[in-house]
Amino acid sequence: MCLTFWLSQLCRGLPRRIGRTTQPVWDSLSRNLVLSSQRRIPEFSSFVARTNTCGELRSSHLGQEVTLCGWIQYRRQNIFLVLRDFHGLVQVVIPQDESAASVKKILCEAPVESVVQVSGTVISRPPGQENPKMPTGQIEIKVKTAELLNSCKKLPFEIKDFVKKTEALRLQYRYLDLRSFQMQYNLRLRSQMVMKMREYLCNLHGFVDVETPTLFKRTPGGAKEFLVPSREPGKFYSLPQSPQQFKQLLMVGGLDRYFQVARCYRDEGSRPDRQPEFTQIDIEMSFVDQTGIQSLIEGLLQYSWPNDKEPVVVPFPSMSFAEALATYGTDKPDIRFGMKIIDISDVFRNTEIGFLRDALSEPQGTVKAIRIPEGARYLKKKDIESIENFAADHFNQEVLPIFLKANRNWNSSVAKFIMEEQRLELIRLMEIQEEDVVLLTAGEHKKACSSLGKLRLECADLLEIRGVVLRDPALFSFLWVVDFPLFFPKEENPGELESAHHPFTAPHPSDIHLLYTEPEKVRSQHYDLVLNGSEIGGGSIRIHDAELQRYILATLLKEDVKLLSHLLQALDYGAPPHGGIALGLDRLMCLVTRAASIRDVIAFPKSFRGHDLMSNAPDSIPPEELKPYHIQVSWPTDSEAEKSALNHPHHPES
């Protein structure tokens, strides 16, 4: 009874829909604007001056008097113009008779991209002048009145998707770039998917949307954080790199199921594929295991997936971290194509080839190879040389191209030392065909796999340049990667450990005993979600035992536990078992829309160096405004400035 009453009160408080309904247009965009088959089509012209949008009018509207508002897309011979709004395009007939001279003057003299309001009648286009490529191509507007709402100055670039613009120019005039169809599509699709995610989490599964603080304190480990000065001398806030601690504390507080479309901040410097501020779908649940989180996310993506894409098939396949590294050379494999790494150590166990024999005699020494299908047909000698140079420059790793069946004079010199028995075994093991090329390397397992993993992607790029389709852009291949190590050796000091995920990740139950003897062998309850070779989400089951958390922080990671005293204290007060995940919304939308960069799915992104080219942020602050924060700028010397300029040369996107 209580629940029924509460729901009835909630429904009573919802605003009622007024006005007419409209028809969806611009096929792919409009199908996604309808939130579900049960919902009414959104009313785009309520509360505003227009009666209709430019893109919705059809033959069914013939004879109707309409008022439209939009931008002049282009004008032809002062006889008609095309009016554009967010919903589409419509042709407007400019009146030619003397009685409408004032209307003609407005519409003929207004520059392209000026904003106008027109009123008139929907009429059929003359026979033979219909445009089947245009959703409104059967009709046009016979204008009676027009008003220039705002004139447009000369534009820095044309508002057309096919007109090439540099990214720097697009970011500098972002408000103009947003008018393009592609940016409109990307942002509206993003909004629609987020709304569907909210429906799924809140309405169907009882999650609570909670906003967590932006001003927080420094967190040990993880990415570098942005600092915010306070008025207390020497004390700073930090912008959170994620709401990790807060969402765990919400579980201690009994919220049970939390989610948030969270803004996160990481000071990672110049990273082409990153943004200093980004958005993630942040989720945490109590009394859940890894399987529960994975099932939730699969259902979430299936529910929110755009209607104009191939449906998401669940469950997603799963692969251990060790298998991903051994087979694909990375923890985020693109499984849309093959070219898997094969261990061929046994083939060369008794080899006379020096560098292979030496590699196999070392600890963790292996011989690995990948097969490039029809590589001899599509790759040129210079391609093979660039692959060898890439391996040498990036990994200090020797990679040998071997043609076991194809006859090429640029075969590796090592090929002639491969015995017939070894050659036949390689052909069998790797299923080598006539025109295939084998890339072979030897060395420590992880290094050999990582180098071949990178070369696998490089080869895929080269083959696709030559016209071979390996990675279907319309195919979405999800993959769970699980059983990560709990710790990695620190790069700068391999004798010390750092968290592979973050310090709050729970160890695998089967490996807890190793924490106290061989912590580097402990697996974690950490899981990543990979889509087409990009990591789009990561999460874990958390540590809910204060003593275990304290031991990992203080003893294994050598972190200052005082920084996390609030969390450790909370875990002592009856913390439930809990776990969660965060989906990177920007990267997910980049893949869904097939955008070239995550900047194409963010309304106002930063450049790859973290600058806002539109407003010129970050900006300098006068010294007097810094005084209340008890800080002052230490300006670099001439030599330091010169060194910085060499490391970060001026770039139009800097």
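First, a word on what this report is: a plain description of the structure on this page.

Calculation criteria
Residues numbered from 1 in each chain as written. Predicted model: local features only at pLDDT ≥ 70, side-chain atom pairs only at ≥ 80, totals over all residues. Heavy atoms only, no water. Core = buried A, V, L, I, M, F, W, Y, C linked by side-chain atoms within 4.5 Å. Buried < 20%, exposed > 50% of the residue type's maximum accessible area, 1.4 Å probe, protein only. Helix = DSSP H or I, 4+ residues; strand = E, 2+ residues; numbered from the N terminus. Lys, Arg positive; Asp, Glu negative; His and termini not counted. Salt bridge = Lys/Arg side-chain N within 4 Å of Asp/Glu carboxyl O. Polar contact = N/O pair within 3.5 Å; in protein donor to acceptor, adjacent residues only side chain to side chain. Contact = heavy atoms within 4.5 Å. Pairing = 2+ DSSP bridges. Phe/Tyr/Trp six-rings, centres within 6.5 Å; stacked < 30°, edge-to-face > 60°.

Structural notes on the nonpolar core
Here's step 1: By size, the foremost hydrophobic cluster in this structure holds 55 residues, and its most contacted members are I283, I297, F478 and I552.
Here's step 2: Counting 25 residues, the second-largest nonpolar core is a separate cluster that includes L325, I341, I372 and A460.

Things to note about unusual backbone geometry
Here's step 1: With an omega of -5 degrees, the peptide bond running from V314 to P315 counts as cis.
Here's step 2: As for its placement among the helices and strands, P315 is situated in the loop between α8 (290–304) and β11 (318–320).
Here's step 3: Backbone torsion omega between A617 and P618 reads 0 degrees, so that peptide bond is classified as cis.
Here's step 4: Tracing the backbone through its elements, the reader meets P618 in the loop between α17 (585–592) and α18 (623–626).
Here's step 5: A positive phi is found at E374, a non-glycine position, where the angle reads about 55 degrees.
Here's step 6: By the secondary structure assignment, E374 is in the loop between β13 (365–372) and α11 (375–378).
Here's step 7: Of note, the phi angle at E431 is positive, near 55 degrees, even though the residue is not glycine.
Here's step 8: Position of E431 relative to the elements: it lies in the loop between α13 (420–430) and β15 (437–444).
Here's step 9: Classification of E431 by relative accessible area gives exposed; the value is 56%.

Things to note about the side chain of E140
Here's step 1: For E140, the position within the fold is in strand β5 (residues 139–150).
Here's step 2: This buried residue, E140, is left without a salt bridge; R125 holds the nearest opposite charge, at 4.6 Å.
Here's step 3: A polar contact is formed between the side chain of E140 and the side chain of Q91, at a distance of 2.8 Å.
Here's step 4: Excluding its chain neighbours within four sequence positions, the residues that come into contact with E140 are Q91, V93, T121, V122, I123, S124, R125 and P126.

Regarding the pairing of strand β16 (residues 478–482)
Regular strands have side chains that alternate between both faces of the sheet.
Here's step 1: Burial of β16 is extensive: five of the five residues sit out of reach of the surface.
Here's step 2: Every second residue of β16 is oriented toward a common face, with F478, W480 and V482 on one face and L479 and V481 on the other, all of them buried.
Here's step 3: Two elements, β11 and β16, share three bridges in a ladder whose sense is parallel. Directly across from M319, in β16, lies its bridge partner V481.

Some details on the packing of aromatic side chains
Here's step 1: For the structure on display, the rule yields 13 aromatic pairs.
Here's step 2: Measuring from ring centre to ring centre gives 4.5 Å for F216 and F246, while their planes differ by 50 degrees; the resulting arrangement is tilted. With F216 in the loop between β6 (208–209) and β7 (227–229) and F246 in helix α7 (residues 244–252), the pair connects residues that are 30 residues apart, well separated along the chain.
Here's step 3: On the numbers, 5.7 Å between centres and 70 degrees between planes, the contact of W305 with F478 is edge-to-face. With W305 in the loop between α8 and β11 and F478 in strand β16, the pair connects residues that are 173 residues apart, well separated along the chain.
Here's step 4: Given the relative accessible area of 6%, F478 is considered buried.
Here's step 5: One aromatic cluster is present, formed by W305, F316, F476 and F478 through successive ring pairs.

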